[in-house]
Each structure stands twice: as C-alpha cells, then as structure tokens.
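One-letter residues, chain by chain:
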Amino acid sequence: MARWIVCSAWPYANSIPHLGTFMHLLSADVYARYLRMSGEEVIAVSGSDEHGTPIEVEALRRGVDPRSITDANHSAILRLLREYSVGELYYTRTESPVHREFVAEFYRRVEDNGYVFREEVEMPFCPRDGIFLPDRFVVGTCPFCGYENAKGDQCDRCGKLLEPTMLIGPRCAICGSTPEIRRTVHWYFDLPRFAGALREYISSNDRLPDNARNASLRMLDEGLRPRALTRDNRWGIPAPFRGAEGKTIYVWMEAVLGYLSAVKELGMLRGDPGLFDRFWRTPGSRPVCFIGKDNVPFHTIIFPALLMASGDGYVLPWQVSSTEYVTFGGEKFSKSAGIGVWMDKALNVADGETWRFVAMYMRPESRDVSFSWEEFARVVNSELNDNLGNYVHRVLTLARRRYGPERPSCGGARSGPMAAAASATLARYASDMDSFRIREGARRILELSAAGNERLSSDRPWELMRSPGPDLDASLCDHLAALDALAIMSYPFMPSRAEELWRSLGRAGSPADSRLSPPALPRGPLGEPRPLFRKVPESPEELQGLYEGRSEGKG
C-alpha cells in the first residue's frame, strides 16, 4: 500500500472560482476518494492563494485591508466546497500561520544551502500608480509567438516563461500607461544549477502526461534562468533573506510550498506530528498534483528544484496530472476577462454533485474542451437521467415489486451476464483511474448502465412477474449485482448519490469501504426507488437564464 499526497492547484482568492479553476479541486477530490475506496493511504490538500499584487491593488482601490478581501473569498470557497461535496481535501490558506512560518524557514534553508543570491536589476515601475510592477502586471507582446496580451511571467498562448523586460511594447496592466525601467534589488533562486537533476527526473518519470513532459523538456533545452524570489509588494510573506527587509516572497514561489505546509498543518490538527515526515520525507510516497497546463513549469521544474535545494529529503512529484483548457464560446475561461461559468451561479442550474459528474465527464485531459449549455443539458438529461438514473430506477422498481420489504433471494453469489459485465467494467474503470484517465472513469459508469438498460429490455423480467420463480430471481439478482458496481464506480464522482443507491440496494456501510469489489454477503431489504437525478431545461437560453438568476427552478 502506497502513501499518496493528492494536491490541487490553489485557487487565487481574489474572487469566486470558475469551472476551469474548480476542475482541479474536483479532480483531486474524486481521485482521493478513489484511492481511499481502493484501500490506499491518502491525504489530500489545497487552499486559498491569498497574496500578491492583484489583491493588494484591489484593496487599495477599495480602501480596505487585503485580508478582508481574502477572508470573504476564502469563506465563500469553503461554502462552495461543501456544496460540491469536496470532502476529502484539507483546504487551508496561505495566510495560515503554519504556512507563513514554513515558507520563511524553507527559504532560510535554501539560502543557507547556497542557492539564493541577490542582484540589482531593472524593473518596470508605473509612475502613474507609484509602484514597481510585478511580472503579471506588465502586459505586452510575446517575443516568441507574437501574442499581444502576454503577461510578464508567462505567455498564455505559447507557454514560454518570460520576464517583464522581455515583452515588446510593455504596458501597465492596472492603468495602461507605459512603465519606466528603474533599478531595485531582488533575491533569486539559482534554478540553472538543477538542470541536470531535473532532466533526469523528468526523463525517468514515464507517468507524466505528454503535455507536461514535452513542455518541461523544451524549457530545459532552451536553458533555465534564475527565478525571482522576491517582490516589492507589502501584501505577502516577508522575505527571510539577509538584507531583504521590506521585500515579500513572490506569490508563485510560496504558493507551491502550500502542498507541504498544508500537510504539516493537517498533522498538527490531527495531533499527529509525524504525519508530515511519513508522507513528504518517506521514499515511496506519491505526491500527485492536479493542475492546468499553464502551471506545468512551476510543478515539473521549479517545485521539484526547490525541494531538491532544501536538502531535506522531500519526495518529488510522482505525477503531475495537467489538463488542457476549458473554453466557453471559443475563448479560454478567464477570471480577469470574465469568461466562464462561475461556481456559485452554477448552483442555480443544478446541484453540486451533478456538476461534479459533468465536469469530470468533460475533463480536458488531452485537448481543450468547449463548454456549452447544449452539451451540459445532454449529459444531464440523456446520460445521467435517461441512461444511469433510468436503469437504476427500473431495476429497483422491479425488484421491490418482487421482494417488497423482504431480503432479495440472491444469496451471496454473483453470476449472470450483467454481473460479468459489471466485473469487467470495474476492471477497466480501475485501469483508467489508476492511469489518471478520470474522464474515461466517469464514462465507464454510463457504459455499464447503457448495457444494463439494453439487457433489461431483452430479459423482460416484468413478464416473469406473472409467475415468479427462479428465472425471475436470477435475472433481478444479476441486475442488482450491476447496480452494486455502479454505486461503487459512482462514489468518487457523486458520493452522496452513490451512498443513497448503496442503501437502496440493501447494503450496509458505504461504497467507500468496498475496495472496488461488491460485498459477498447477502444484501438486506431493498429501499423504495427514488429518482437519482432531475432533468434540466434543454434550451441554452433558459439554462443561461437560470444561471444568471433570471428564472425560477433548479435541476
């Protein structure tokens, strides 16, 4: 049994997250539930990323303390996590005292090890706003691909890492004016010294998805540059380096350390101080990071290099499960541009578990995926309601008519064509999930229920109701075995519905305890059949109206 550290990218706490951002939190929760159901030892962590210039500037604009903004957004995200059944993640924040102390101590260690240096540099300064501009607050044309709205740390189109001074035609992202170049002192992480070790780590890790591996090797081929560790912000964690008074740690370079500090904090809350070392400092532990492709360099290059630089024996990321983009109307989901589906308003359309399934069904694992209300309605109405929900309801209705409040006459054996199909589908499902093909795992559920609907129509057990006997029992018990498997496979994606189905099938406990295998013990009395899902309107205009709060009702 391996030890797993399931990590999700930390949402930036300047607003409510959209579906693209929430995809990583949902993926991490689904995967952690799957691992625990499989009998693995797992912890899962994420949190609100609170520091940096965007929140500081917004606070200045409103005339409030930055903490008041992040307090409100952190609380809102916690409420959303409950609505979306995200119960496996320990969700913390970068303002946590544990995180602040951990980051300071970590970078003191990296500096003591000789991997931090200071340098006087030229940085963009906005004379209108009176501040040095961090890289993401300088926009301009990418020198590599010509994208006109590249940010000063990375181009969203070609993925190249940048510096603000590399941009063509730079402008202040706050006011649009042309920044001046002024001299200041900053501290840097000597990333190039880890090029050889990083190449070996990436080349030998055959689990990395192609997009992560290719982007990382390309960066190494082009040559690594030192990465800035400090900023001139006031809102952040004070830089612990000698002579760095008045500087703060660059938000990207402290947020990735949240994967470690959150585990330390979790151990403290559990009264288990050894938890941190057991997971992060034990060879064979498996850290898995669920992120978007725009965050790949920070997780395959910078984060592993920092872990190496600490000299503290941390395990490196075992897998970086990076997704492509979710688009809306042909454009990438973007918080700053207001493009996307926001997770608070999404609940006006359907409940959180329905959204969980739809998000994983559409998860952009190999290419960009376009979200549309038409496809959302098709998945909810045709796949969840008419396929999965219909099969479950048909079988339970027939079985309840046959057995009433008594135990079904199935014994402990599982045999028949649907039981065999369930066993084969569970094996394919496990293979998909073990390979981080979560999208395919979701579709295995629908594959089995579609086969069940077809088999039920050919078996026609309702005709056997006229003279009940062994043939009827064999047919119903065969389909009930398939429902056991459906409850198990559904649990990571829709935990509350899976547990409701489990109870309706006369099963004790939870599918979370199944070890991916239906119980051999005879089932108890069946519950009354209840619809698992509700349909949503087919019309995109009506769905958009629900989303915007212009119509009544909720699917």
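Look a little higher up for the structure.
Because the structure is predicted, anything quoted here is derived from the model rather than measured.

Cut-offs used in this document
- Residues numbered from 1 in each chain as written.
- Predicted model: local features only at pLDDT ≥ 70, side-chain atom pairs only at ≥ 80, totals over all residues.
- Heavy atoms only, no water.
- Helix = DSSP H or I, 4+ residues; strand = E, 2+ residues; numbered from the N terminus.
- Rg over C-alpha atoms; globule rule 2.2 N^0.38 Å.
- Buried < 20%, exposed > 50% of the residue type's maximum accessible area, 1.4 Å probe, protein only.
- Contact = heavy atoms within 4.5 Å.
- Areas by Shrake-Rupley, 256 points an atom, 1.4 Å probe, with all protein chains shown as cover.
- Lys, Arg positive; Asp, Glu negative; His and termini not counted.
- Charge placed at Lys NZ, Arg CZ, Asp CG, Glu CD.
- 1 Å grid on protein atoms, 1.4 Å probe; cavity = no way out; pocket = protein on both sides within 12 Å on 5 of 7 lines; lining within 4 Å.
- Points joined across faces, edges and corners; volume = space filled by probe spheres on them.
- Nonpolar A, V, L, I, M, F, W, Y, C, P; charged D, E, K, R; others polar.
- Axes fitted to C-alpha atoms, helices over the stretch in contact; angles between N-to-C directions.
- Parallel < 35°, antiparallel > 145°, perpendicular 65-115°, else oblique.
- Left-handed = near helix turned anticlockwise from the far one by under 90°.
- Core = buried A, V, L, I, M, F, W, Y, C linked by side-chain atoms within 4.5 Å.
- Pairing = 2+ DSSP bridges.
- Right-handed = clockwise from strand over helix to strand, strands pointing away.
- Disulfide = S-S within 2.5 Å.

Caption draft 1: Summary view of the overall build of the protein chain. Tallying secondary structure elements over the protein chain gives 19 helices and 17 strands in all. Taking 24 Å as the expected radius of gyration for a compact globule of 555 residues, we find that the protein chain reaches 26 Å, a close match to that expectation. A buried classification covers 58% of the 555 residues belonging to the protein chain. Pairs at least 24 apart in sequence give 75% of the contacts found in the protein chain among residues at least 6 apart. Only carbon and sulfur atoms are counted for the fraction: they give 47% of the accessible area of the protein chain, which is about 21800 Å². Between the averaged position of the 69 positive side-chain charges in the protein chain and that of its 72 negative side-chain charges there is a distance of 2 Å.

Caption draft 2: Quick look at the layout of surface pockets. Roughly 420 Å³ of volume is contained in the second largest pocket. Pro209, Glu365, Ser366, Phe436 and Arg437 are, among the 22 residues lining the second largest pocket, the residues nearest its centre. Counting residues per element, the lining of the second largest pocket draws most heavily on strand β14 (residues 319-323), at five residues. Class assignment for the residues of the lining of the second largest pocket results in five nonpolar, seven polar and 10 charged.

Caption draft 3: How the structure looks around the side chain of threonine 327. Counting through the fold element by element, threonine 327 comes out in strand β15 (residues 326-328). Once you skip the residues sitting within four places of it in the chain, threonine 327 turns out to touch Lys332, Phe333, Val369, Ser370 and Phe371.

Caption draft 4: Spotlight on the packing of helix α13 (residues 373-403) against helix α15 (residues 438-459). One can describe the packing of α13 onto α15 by two numbers: an axis separation of 9 Å at closest approach and a directional angle of 50°. As summarised for this structure, α13 and α15 are arranged oblique, according to the angle between their axes. Between α13 and α15 lies a crossing whose hand is left-handed. When α13 is examined against α15, the residues Glu383, Asp386, Asn387, Leu388, Asn390, Tyr391, Arg394, Val395 and Leu398 are found in contact with a partner set consisting of Ile445, Leu446, Ser449, Ala450, Gly452, Asn453, Leu456 and Ser457. In the contact of α13 with α15, the residues fall into eight nonpolar, six polar and three charged.

Caption draft 5: Up close: the nonpolar core. Ranked by size, the top nonpolar core spans 103 residues in total, and within it Tyr84, Trp355, Phe357, Phe371, Phe376 and Phe493 carry the most contacts. For this core, the leading source of residues is α13, giving 14 residues. Beyond its immediate stretch of four places on either side in the chain, phenylalanine 371 contacts Leu19, Val326, Thr327, Phe328, Gly329, Phe333, Val341, Trp355, Met362 and Phe376. Counting residues in hydrophobic clusters, the runner-up holds 62 residues, among them Met219, Ile249, Met253 and Val315.

Caption draft 6: Up close: empty space enclosed by the protein. Taken as a whole, this structure holds five cavities of 30 Å³ or more when the rule is applied. Around the largest cavity sit Leu388, Val392, Leu486, Ser490, Met494, Arg497, Ala498, Leu501, Leu532 and Phe533, which together line it. Contributions of two or more residues to the lining of the largest cavity are made by α13, α17 (470-490) and α18 (495-504). In terms of residue count, α18 provides more of the lining of the largest cavity than any other element does, three residues in total. Of the residues in the lining of the largest cavity, the class split is eight nonpolar, one polar and one charged.

Caption draft 7: Broad picture of the packing of helix α14 (residues 417-434) against α17. The N-to-C vectors of α14 and α17 enclose an angle of 15°; their axes lie 7 Å apart at closest approach. The orientation of α14 with respect to α17, classified from their angle, is roughly parallel. Of the two elements, α14 crosses α17, and the hand of that crossing is left-handed. On α17, the residues touching Pro417, Met418, Ala419, Ala422, Thr425, Leu426 and Tyr429 of α14 are Asp478, His479, Ala481, Ala482, Ala485, Ile488 and Met489.

Caption draft 8: Just the pairing of β14, in detail. In terms of burial, β14 is largely enclosed, as five of its five residues are buried. Residues Gln319, Ser321 and Thr323 of β14 are buried on one face, and the alternating residues Val320 and Ser322, pointing to the opposite face, are buried as well. Relative to β14, strand β13 (residues 286-292) runs parallel, the two being bridged by five bridges. Its bridge partner being in β14, glycine 292 is matched across the sheet by threonine 323. Running through helix α10 (residues 296-310), the crossover from β13 to the neighbouring parallel element β14 is right-handed.

Caption draft 9: Region of interest: unusual backbone geometry. The phi dihedral of phenylalanine 436 is positive, around 65°, even though this residue is not glycine. For phenylalanine 436, the position within the fold is in the loop between α14 and α15. Even without being a glycine, arginine 515 presents a positive backbone phi close to 55°. Relative to the assigned elements, arginine 515 resides in the loop between α18 and α19 (540-548). The exposed category is assigned to arginine 515, whose relative accessible area is 59%.

Caption draft 10: Spatial organisation of the state of the cysteines. Enumeration over the complete set of coordinates arrives at one disulfide. Across the disulfide from cysteine 410 sits cysteine 477; the S-S distance is 1.8 Å. Residues cysteine 410 and cysteine 477 share a disulfide whose torsion about the S-S bond is about -85°; that sign makes it left-handed. Note that cysteine 410 is positioned in the loop between α13 and α14 and cysteine 477 in helix α17, a separation of 67 residues in sequence. For the pair shown, cysteine 410 and cysteine 477 are each scored as buried. A disulfide-free cysteine, cysteine 142 has its sulfur positioned 3.8 Å from the sulfur of cysteine 145, the nearest such atom. Here cysteine 142 falls in the buried class, since its relative accessible area comes to 2%.

Caption draft 11: Main features of the sheet that holds strand β2 (residues 41-48). As summarised here, the arrangement of the five strands in space is β3-β2-β1-β13-β14, forming an open sheet in which the pairing is parallel. The strands lining the two open edges of the sheet, one partner per strand, are β3 (89-93) and β14. Direction aside, neighbouring strands of the sheet carry axes that sit 20° apart on average. Across five bridges, the pairing between strand β1 (residues 3-8) and β13 is parallel. Among the inter-strand pairings, serine 8 is bridged to a residue of β13, identified as phenylalanine 290. On the sheet, helix α3 (residues 66-83) packs against β2 and β3 and is oriented at approximately 170° with respect to β3. Set on the sheet, helix α8 (residues 258-269) makes contact with β1, β2, β3 and β13; between it and β3 the angle comes to about 110°.

Caption draft 12: Summary view of the sheet that holds strand β9 (residues 180-189). Taken together, the four strands give an open sheet; going across it, the order is β5-β4-β9-β10, and neighbouring strands pair in antiparallel fashion. At either margin of the open sheet sits one strand with a lone partner, and together these are β5 (131-132) and β10 (227-228). Relative to β10, β9 is paired through two bridges, and the arrangement is antiparallel. Note that in β10 the partner of phenylalanine 189 across the bridge is arginine 227.

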